[in-house]
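Chains, contacts and geometry: an overview
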Number of protein chains: 2
Amino acid sequence: MVRVAFQGERGAFSEEAAIVHFGADVSPIPCRSFSEVFTAVSTGGADFGVVPIENSLTGSVYSNYDLLMEHALHIVGETEVRIRHCLLCLPGVGLEKVRRVLSHPQALSQCERSLRALLPWAELVPMYDTAGSAKVLKEKGLKDAAAVAGRRAAEIYGLVVVKEGIEDSAENYTRFLILSPKPACPEGAAKTSVVFAVENVPGALYRCLEPFATRGIDLANIESRPLRGRRWEYIFYLDFVGNLQEKPVREALEELRKRTEFLRVLGCYPHKVGKGP
Amino acid sequence: MVRVAFQGERGAFSEEAAIVHFGADVSPIPCRSFSEVFTAVSTGGADFGVVPIENSLTGSVYSNYDLLMEHALHIVGETEVRIRHCLLCLPGVGLEKVRRVLSHPQALSQCERSLRALLPWAELVPMYDTAGSAKVLKEKGLKDAAAVAGRRAAEIYGLVVVKEGIEDSAENYTRFLILSPKPACPEGAAKTSVVFAVENVPGALYRCLEPFATRGIDLANIESRPLRGRRWEYIFYLDFVGNLQEKPVREALEELRKRTEFLRVLGCYPHKVGKGP
């Protein structure tokens, strides 16, 4: 059994990501916050952590970029999960009885059109968590409410899936990172993630991308984040397609190090999530 | 009077940004969502819109980048507001009576340490809006609750500021954009914002930054956003320091246009928010 920490209650999409990545042999460790996930892995309370880093509709999960910087963990894998929201009720509760819909504000907004069509009279109630709203529904025995969460949450809390796939856009995928205290050294096709800071002068970012461009190394993602305590200055997170065991990749990173004030390799891991459907 | 649309209830930080930018002579038009702000300005229901685009602690406001792309509005200005959260109560309600603290989840998380110290026993209740939580406190006459919102909200809703400046970090600033149906043509120091898409091949972003680097044009911000319906492909938002009336800036944009599949100038406006403090 691998002990895997994730944010949210049992049945969260992060738990689904853990199962996609590690198989059914997962011992789930639910955490209240992303920060707790990082701490659990750092202090040995879990073998791995699974955190969302990017959603295909809403973009990056900022706080997890910041936590990558604050902790010394390594990215050892990535996996993607199709986010398929379901409308869940207690057994015997039909749509006509639902007066309130509970879920995380992001899930509610991702299902806004469907919910307006299905339940135009219902109040949307923001909660901290999708699976957590399913749990509350069950624990409080709410017979006038529904929750928006994944199918796994229905199974775990004994709820009925009244309607499946109520998200307004089918292109709703979340990419998750797998975190470990030890780096991975994958064979074959890999992605590498780094974080760096540059002096704020014209052409600085351009010069940082040159070592990759001249070697034909494909960038997968770039993300700028504010540097805490230094208003409107930024650090950059960069994912590129390449294995640390390849010479051009090592050379590009040596070049990059010379051009940055700070550089850290966050991890090198099998390349699973790519372009297109 | 200029009619200015913003998201949130009266007393929101966006309303404060409107007053900082336009002066007291503002006719405020509160909107329920950012999308409504863009629509109000597009359809003539407001002269200008004010939307947050970036916070110094939490980063960019994604949805507003997406709305810039969806609507044909122009960025005609920027302004920054120091986010100073206050703990507000009904008159006569002291800290010892407070059992619940209402606010937007982001405001609650920005004040987490202070709230734990001041009110370790209180439940944190997520709401859609900071100023909106002050309004609810007042309208429902909640004598066992407090709201986290700005000082203006206290004045508007007749609440008492029990404690001012409860945010955990003082470096809490939000940058707002001013939107208009017509472009601005500022004189002097200006910033220009563009959005572009490139083919996903090695070196593509690098080649897009070259026209700026070779002309010594300083980048102020770069942001990648997923392209809707094309999973894990991105468009880029770029702010740079330069006025469209300057020849090097026009040349750089002509060069950029040749290297991109799509390019749109979002606006050129006086450069007010820079490196601080």
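Residues numbered from 1 in each chain as written. Chains lettered and ligands numbered in written order. Predicted model: local features only at pLDDT ≥ 70, side-chain atom pairs only at ≥ 80, totals over all residues.

1. A closer look at the environment of Ser103 of chain B
All names here are of chain B. Tracing the backbone shows Ser103 in strand β7 (residues 100–103). In sequence terms Ser103 and Thr130 are 27 residues apart; their C-alpha atoms lie 4.9 Å from each other. Each residue touching Ser103, except ones within four places of it in the same chain, is listed here: Leu108, Met127, Thr130, Ser133, Ala147, Val148 and Ala149. (Helix = DSSP H or I, 4+ residues; strand = E, 2+ residues; numbered from the N terminus. Contact = placed C-beta atoms within 7 Å.)

2. As for the relation of the copies chain B and chain A
By a simple turn and slide, chain B fits onto chain A: the slide is 0.0 Å along the axis, the RMSD is 0.0 Å, and the turn is 180°. Such a turn and shift between the copies fits a two-fold axis. Most of the interface of chain B is mirrored in chain A, where 100% of its interface residues again form contacts. (Least-squares fit on C-alpha atoms with pLDDT ≥ 70 in both.)

3. A closer look at the domain arrangement of chain A
Residue and element names in this part refer to chain A. Assigned domains within chain A: domain 1 (2–83 + 172–180), domain 2 (86–164) and domain 3 (190–270). Computed from C-alpha coordinates alone, the two centres of domain 1 and domain 3 are separated by 23 Å. Taken together, the contact pairs 11 residues of domain 1 with 10 residues of domain 3. Secondary-structure elements contributing two or more residues to the side of domain 1 that touches domain 3 are α3 (62–70) and β5 (74–82). Looking at the side of domain 1 that touches domain 3, its residues break down into six nonpolar, three polar and two charged. (Domains from an automatic or database assignment. Nonpolar A, V, L, I, M, F, W, Y, C, P; charged D, E, K, R; others polar.)

4. A few points about the sheet that holds strand β6 (residues 86–89) of chain B
Residues and elements named next belong to chain B. Strand order in the open sheet made by the five strands is β8-β7-β9-β6-β10, with mixed pairing throughout. The sheet is open, and its two borders are formed by β8 (123–126) and β10 (160–164), each paired with just one other strand. Mean inter-strand twist for the sheet, computed between neighbouring axes without regard to direction, equals 30°. Contacts from helix α6 (residues 130–140) reach β6, β7 and β9 (145–149), with the element oriented near 150° to β9. (Pairing = 2+ DSSP bridges. Axes fitted to C-alpha atoms, helices over the stretch in contact; angles between N-to-C directions.)

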